[in-house]
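# Architecture at a glance
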Amino acid sequence: MTKTILATTTALATLWSAAAYAEKWDMPMAYAASNYHSEVGAAFASCVTEATGGDIEIVTHPSGSLFPGDQIKRAVQTGQAPIGERLLSAHQNENALFGFDSIPFLATSFDQHAKLFEAAKPALEELLASQGLTYLYSVPWPPQGLYFNKPVESVADMEGVKFRSYNNATARLAELTGMLPVQIEAAEISQAFATGVAESMISSGATGYDRKVWESLTHFYEVDAWIPRNTVFVNTAVWEGVSDDNKKIIQDCADKAAVEGEKRAKDYTQFTLDELAKNGMEVGPPSEQLAAELREIGQTMTEEWLEGAGETGQKIVETYKNSN
Ligand code: PCA
């Protein structure tokens, strides 16, 4: 009898202490569950849950189901969610540095982009830290091209077109080409195109594929304007409460996710462009005229960014250029 009571008490105590230390981290993500960003996030979550022995269980919520994309950063900053993934270039209004990955024609291949990211990473981590966020990992999107519901040979053809934007650079691009920008999260774009709220966008083949945009759009021009990233960050106060051992485990899982994510981005690029074509879209390079006109607009946007990002921004671009 005494033995049973003792055993039960010990079991309860063990359970109790396990419960006291086990934490569940809900992780909001903005993009389709089938997209590689979300799959890599889910693998990262399992990695952490398993390797911490359940001390920290991360549960991902893709498709903007917990918080829509434009609320994720604030949710993590305010502790409503401990961790999350966000396209940081959408927060360029807070600080121009967040837009380092959306400067037209600065880094248009994955290799160039990796060097640009390398140059920007320390400043980005510092900026996040100043906002109470700790950087964990980030993953690139494929190169950005232009989608339309008609053939477009020049910037003049873009006049008055309703354009779906996802960050400051995309909105500015619309303004400079005479289009009408409307900011819409990726989770909402199929509907926006179907109802005519938007008729065009700049994005990757990946997002066009994820959202089956061939149901409304007809042309994809491989402009390769830039390569933006999604970043996973954790609330710094939450992070400080994590044991050193678990911090190391989480960082290792994050490092793996970054490597896997980049590989998946590369694999997904051609696959999704092929799928757009298979589903009836015209996929190809822009006309020479369109490419030249876009380059000129890109020049203006680059100058504007450099002005906004000040010395830190200039240093990033300089370091990047020297690394090529
Ligand atoms: N897809 C995301 C951002 C960049 C991309 O390729 C989107 O369109 O929202």
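Please refer to the structure higher up on the page.
Quick summary incoming for the structure in this document. (Residues numbered from 1 in each chain as written. Predicted model: local features only at pLDDT ≥ 70, side-chain atom pairs only at ≥ 80, totals over all residues. Heavy atoms only, no water.)

## Things to note about the state of the cysteines
A covalent bond bridging the sulfur atoms of two cysteines is what the word disulfide describes. Taken as a whole and judged by the stated rule, the model has one disulfide. In this model, Cys-47 is linked to Cys-253 through a disulfide, with the two sulfur atoms separated by 2.1 Å. Here the S-S torsion is close to -80 degrees, and the disulfide linking Cys-47 with Cys-253 is therefore left-handed. Of this pair, Cys-47 sits in helix H2 (residues 36–51) while Cys-253 sits in helix H9 (residues 244–278), and the two are 206 residues apart along the sequence. Judged by its relative accessible area of 3%, Cys-253 falls in the buried class. (Disulfide = S-S within 2.5 Å. Helix = DSSP H or I, 4+ residues; strand = E, 2+ residues; numbered from the N terminus. Buried < 20%, exposed > 50% of the residue type's maximum accessible area, 1.4 Å probe, protein only.)

## A few points about the site of the ligand
The immediate surroundings of the ligand are formed by Tyr-31, Leu-87, Trp-141, Gln-144, Arg-164, Tyr-166, Ala-186, Ser-203, Ser-204, Thr-207 and Pro-228. Ser-204 is positioned such that a nitrogen or oxygen atom in its side chain is 2.6 Å from an oxygen atom of the ligand. Look at the ligand: alone it shows 260 Å² of surface, and the protein chains cover 99% of it. Classifying every residue of the shell around the ligand by side-chain character gives six nonpolar, four polar and one charged. (Near = heavy atom within 4 Å. Polar contact = N/O pair within 3.5 Å; in protein donor to acceptor, adjacent residues only side chain to side chain. Areas by Shrake-Rupley, 256 points an atom, 1.4 Å probe, with all protein chains shown as cover. Nonpolar A, V, L, I, M, F, W, Y, C, P; charged D, E, K, R; others polar.)

## Some thoughts on the nonpolar core
Counting residues in hydrophobic clusters, the biggest one holds 85 residues, and the most contacted among them are Phe-44, Ile-58, Ile-83, Leu-136, Tyr-137, Leu-146 and Ile-250. In this structure Ile-58 touches Trp-25, Met-27, Phe-44, Ala-45, Val-48, Thr-49 and Ile-83, once residues within four positions along its chain are discounted. If you look at the next biggest cluster of nonpolar residues, it comprises 14 residues, including Ile-184, Ala-192, Ala-198 and Trp-214. (Core = buried A, V, L, I, M, F, W, Y, C linked by side-chain atoms within 4.5 Å. Contact = heavy atoms within 4.5 Å.)

## Remarks on the packing of aromatic side chains
Following the criterion strictly, the structure yields twelve aromatic pairs and no others. Residues Phe-44 and Tyr-137 carry aromatic rings whose centres are separated by 5.2 Å and whose planes lie at 65 degrees to one another, so their mutual orientation is edge-to-face. Here the residue Phe-44 occupies a position in helix H2, and Tyr-137 occupies one in strand S4 (residues 133–140), the gap between them amounting to 93 residues. Taking the relative accessible area as the measure of exposure, Phe-44 reaches 1% and is therefore buried. Classification of Tyr-137 as buried rests on a relative accessible area of 2%. Ring plane angle 35 degrees and centroid distance 6.4 Å describe the contact between Phe-117 and Tyr-135, whose orientation is recorded as tilted. Of this pair, Phe-117 sits in helix H4 (residues 110–130) while Tyr-135 sits in strand S4, and the two are 18 residues apart along the sequence. Ring pairs connect the aromatic residues Tyr-31, Tyr-36, Trp-141, Tyr-209, Trp-214, Tyr-268 and Phe-271, which therefore count as one cluster. Its guanidinium or amino end placed over the ring of Phe-117, Arg-229 lies 3.6 Å from that ring's centre, counting from NZ or CZ. It is Arg-295 that lies over the ring of Phe-105; its NZ or CZ is 4.5 Å from the centre. (Phe/Tyr/Trp six-rings, centres within 6.5 Å; stacked < 30°, edge-to-face > 60°. Lys NZ or Arg CZ within 6 Å of the ring centre and 35° of its normal.)

## Section: the sheet that holds strand S5 (residues 145–148)
Ordered in space as S7-S6-S8-S5-S9-S11, the six strands form an open sheet in which the pairing is mixed. Both outer strands of the open sheet, strand S7 (180–183) and strand S11 (282–284), are each paired with one neighbouring strand and no more. Taken pair by pair, the neighbouring strands of this sheet meet at an average axis angle of 20 degrees, ignoring direction. The sheet contact formed by strand S9 (residues 219–221) and S11 spans three bridges and is parallel. Residue Phe-220 lies in a different strand from S11, and its bridge partner there is Val-283. Along the sheet, helix H5 (residues 168–176) makes contact with S5, strand S6 (162–165), S7 and strand S8 (200–203), crossing S6 at roughly 160 degrees. The strands touched by H9 are S5, S9 and S11; relative to S11, the strand with the most contacts, the crossing angle is about 145 degrees. (Pairing = 2+ DSSP bridges. Axes fitted to C-alpha atoms, helices over the stretch in contact; angles between N-to-C directions.)

## What about helix H10 (residues 288–322)?
The terminal C-alpha atoms of H10 lie 29 Å apart, and with 35 residues this falls more than 12% below the ideal 51 Å at 1.5 Å per residue. If you look at H10, its biggest bend is around 125 degrees, right at Gly-310. Within the span of H10, buried status applies to Leu-290, Leu-294, Ile-297, Gly-298, Met-301, Thr-302, Trp-305, Ala-309, Gly-313, Ile-316, Val-317 and Tyr-320. The inward-facing, buried residues of H10 contact H4, S5 and H5. (Expected span 1.5 Å × (residues − 1). Bend = angle between axes of the 7 residues up to and from the residue.)

## Topic: the side chain of Glu-275
The topology assignment puts Glu-275 in helix H9. We classify Glu-275 as buried; its relative accessible area is 15%. A polar side-chain atom of Glu-275 sits 3.2 Å from a polar atom in the side chain of Lys-278. Among residues more than four places away in sequence, those in contact with Glu-275 are Tyr-209 and Trp-214.

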